[in-house]
Amino acid sequence: MIKTVYLNGKFVPDFEAQISIFDRGFLFGDSVYEVTTVLGGKLVAWEGHVERFYRSLKRLKITSSCDRQTLLNLHRQLVQLNQLKDGLIYMQVSRGVAQRDFLINEKVEPSLVLFSQEIDLLEPSRLNRRLKIITVPETRWEHRDIKTTQLLAASLMKTEANALGVDDAWFVEDGYITEGTSSNAFIVVNSKKIITRKIDRAILAGVTRFSILEVAMQLGLEIQERAFSVEEAELADEAFITSATNFIASVVEINGKKIGNGRIGSTTLLLRERYLTEIKKTAI
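Within each chain, residues carry numbers counting from 1 in the order of the written sequence. Note on the predicted model: pLDDT of at least 70 is required for a residue's local features to be given, and 80 or more for side-chain atom pairs to be given and counted; whole-chain, interface and lining totals, by contrast, use all residues. Water and hydrogen atoms play no part in the side-chain values, which are based on all heavy atoms of the structure.

Engineer: Before we go on, may I ask you to explain the overall build of the protein chain in this structure?
Structural biologist: A helix here means a DSSP run of H or I that spans at least four residues, while a strand means a run of E at least two residues long, and both kinds are numbered starting from the N terminus. From N to C terminus, the protein chain includes eight helices and 15 strands. Taking 2.2 N^0.38 as the reference for a compact globule, 284 residues should give roughly 19 Å; the C-alpha atoms of the protein chain span a radius of gyration of 19 Å, in line with that estimate. Taking the principal axes of the C-alpha coordinates as reference, the protein chain spans close to 55 × 40 × 35 Å. The cut-offs for exposure are 20% and 50% of the maximum accessible area for each residue type, with area from a 1.4 Å probe on protein chains only; residues under the lower value are buried, those over the upper are exposed, and the others partly exposed. Expressed as a percentage of its 284 residues, the buried residues of the protein chain come to 50%. Summarising the internal contacts of the protein chain: among those between residues at least 6 apart in sequence, 69% fall at separations of at least 24. Of note, the protein chain has its 37 positive side-chain charges centred 2 Å away from the centre of its 36 negative side-chain charges. As a reference, a globule follows 2.2 Å times the number of residues to the power 0.38, and the radius of gyration itself is taken over C-alpha atoms. Contacts are residue-level and defined by heavy atoms, with any inter-residue pair within 4.5 Å sufficient. Positive: Lys, Arg. Negative: Asp, Glu. His and the chain ends are not part of the count. Every charge is mapped to an atom, namely NZ of Lys, CZ of Arg, CG of Asp or CD of Glu.

See the structure below:
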């Protein structure tokens, strides 16, 4: 099926979209991206995504000529052109096209790409997945708070986990879990105490992570934003991940050790129900 994509000022069929081999995103991974969920043709948590997008651009000193309203309009147009009901919009800005040189030329014109992916995000078997996780050494660069396209380490670890017959991997640094390959990591102890690593350079400030914590506060659940060890995770009552593509998904096994009773925990289910209700109300 041919889809419409957006590339540097034009909506074109996907097979016509081409990027220069001299684009710094291609040569150096010198680019940032965002993935925004679409439900019922509406964008979920748009403000959180666009805020993080501009924050990432600022950290890499990439100047985008598109303001927030323009980006919102482009997202909405892409939804309409592809008749997207449920799925994702991927947006990427690279520093642009220049002769290959490690030295950054500030005069380069950034490249902007957007495309859509159709996914039935609310399909029950997807929502009710029970993930098995392994832990792996942290091998990524230190600025993991910037949402760059430097995803090779995450891709390799996710692929390794799949080859071992499990669903994903959590990175470990100095004995403590940082995050998943493409998600934030949570555990639940003492029935309803939610623990997740605080925001710093070690992890990405997940938009869904923030929303889930807001829901937890509304529900009166105790929250601790701190590092937790692999052993603490393996002994937890519940564990789960959050991301734009997964919402909130239960983790039932870590390093071959069953978490809780091996089923989706009651706290995870409670958070998911309230979260889905809220995002359907606030999507734009």
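After that view, the rundown keeps rolling.
Engineer: What exactly am I supposed to notice about the sheet that holds strand β1 (residues 4-7) here?
Structural biologist: Strand pairing requires that DSSP identify at least two bridges connecting the strands. An order of β2-β1-β6-β5-β3-β4 is seen for the six strands of this open sheet, with the pairing classed as antiparallel. With one partner strand each, in any of the chains shown, β2 (10-13) and β4 (42-43) form the two edges of the open sheet. Where strand β3 (residues 31-39) meets β4, two bridges bridge the pair, whose relative direction is antiparallel. Bridge pairing links V38 to L43 in β4.

Engineer: Would you take a moment to explain the pattern of salt bridges for this structure?
Structural biologist: Opposite charge on two side chains permits pairing when their charged atoms draw close. What counts as a salt bridge is simple: a side-chain nitrogen of Lys or Arg found within 4 Å of a carboxyl oxygen of Asp or Glu. This structure, assessed with the given rule, holds 16 salt bridges. A salt bridge links R144 to E138, with the shortest nitrogen-to-oxygen separation between them at 3.5 Å. Owing to a relative accessible area of 6%, R144 belongs among the buried residues under this scheme. Across the pair E225 and R209 runs a salt bridge, and its minimum N-O distance is 2.5 Å. Note that E225 is positioned in strand β12 (residues 222-225) and R209 in helix α6 (residues 207-218), a separation of 16 residues in sequence. Assessed through its relative accessible area of 4%, R209 is described here as buried. The network of salt bridges with common partners includes E138, R140, R144, E173 and E179.

Engineer: Which parts of the structure should I look at to understand the packing of aromatic side chains?
Structural biologist: Two descriptors summarise a pair of aromatic rings, namely the distance from one centre to the other and the angle between the planes of the rings. In this scheme Phe, Tyr and Trp rings, the latter by its six-membered ring, pair at centre separations within 6.5 Å, and the angle between planes marks the pair as stacked below 30 degrees, edge-to-face above 60, and tilted otherwise. Applying the stated criterion to the full structure yields eight aromatic pairs. Their ring planes at 70 degrees and their centres at 5.3 Å tell us that F28 and F102 sit as a pair that is edge-to-face. Here F28, found in helix α1 (residues 24-28), pairs with F102, found in the loop between β5 (87-94) and β6 (111-118); they are 74 residues apart in sequence, far enough to count as distant. A relative accessible area of 22% places F28 in the partly exposed class. Overall, F102 belongs to the exposed group, its relative accessible area being 64%. Between the aromatic rings of W170 and F228, the centroid separation amounts to 6.4 Å while the plane-to-plane angle is 70 degrees, which identifies the pairing as edge-to-face. You can see W170 sitting in strand β8 (residues 168-173) and its partner F228 sitting in the loop between β12 and α7 (230-234), a full 58 residues away along the chain. Each member of the aromatic cluster is reached from another via a ring pair, and the members are Y33, Y90 and F115.

Engineer: In this structure, what is going on with the environment of E214? I would like to understand it.
Structural biologist: Mapped onto the elements, E214 comes out in helix α6. Taking the relative accessible area as the measure of exposure, E214 reaches 35% and is therefore partly exposed. A C-alpha to C-alpha distance of 20 Å links E214 and V35, two positions 179 residues apart in sequence.

Engineer: Where do I start with unusual backbone geometry in this structure?
Structural biologist: Leaving glycine aside, a negative phi is the common case for residues, and trans is the common case for peptide bonds. Its identity is not glycine, yet K61 carries a phi of approximately 60 degrees, on the positive side. Given a relative accessible area of 62%, K61 falls into the exposed group. In this structure, Q83 is a non-glycine residue whose phi angle is positive, near 50 degrees. Turning to its location among the elements, Q83 is positioned in the loop between α3 (68-81) and β5.

Engineer: What exactly am I supposed to notice about empty space enclosed by the protein here?
Structural biologist: Where empty space is left becomes clear once a probe the size of a water molecule has been rolled over the atoms. Lining residues are those with an atom within 4 Å of a point, where the points come from a 1 Å grid over the protein atoms alone and group into cavities, where a 1.4 Å probe fits but cannot get out, or pockets, open sets with protein on both sides within 12 Å along at least five of seven lines. Grid points are joined across faces, edges and corners, and a volume is the space filled by probe spheres set on the points. Under the counting rule described, the total for this entry stands at one cavity of 30 Å³ or more. As a volume, the largest cavity reaches approximately 40 Å³. Lining the largest cavity are L127, N128, R129, I248, A249, S250, I264, T268, L269 and R272. Listing elements by their share of the lining of the largest cavity, those giving two or more residues are β14 (247-254) and α8 (266-282). A per-class count over the lining of the largest cavity returns five nonpolar, three polar and two charged. The residue classification treats Ala, Val, Leu, Ile, Met, Phe, Trp, Tyr, Cys and Pro as nonpolar and Asp, Glu, Lys and Arg as charged. All others, Gly included, are polar.

Engineer: Whenever I open this one, helix α5 (residues 152-163) confuses me. Can you help?
Structural biologist: A helix's residues, less one, multiplied by 1.5 Å, set its expected span. Between the first and last C-alpha of α5 there are 16 Å, a value that for 12 residues agrees with the 16 Å anticipated at 1.5 Å per step. Restricting attention to buried positions, one finds in α5 the residues A154, M157 and A161. Down the axis of α5, the sector holding all buried residues measures 70 degrees, keeping them to one side. Exposed side of α5, more than 90 degrees from the buried face: L152, N162 and A163 are the residues found there. In this description, one arc is meant: the one made by directions from the helix axis to the C-beta atoms.

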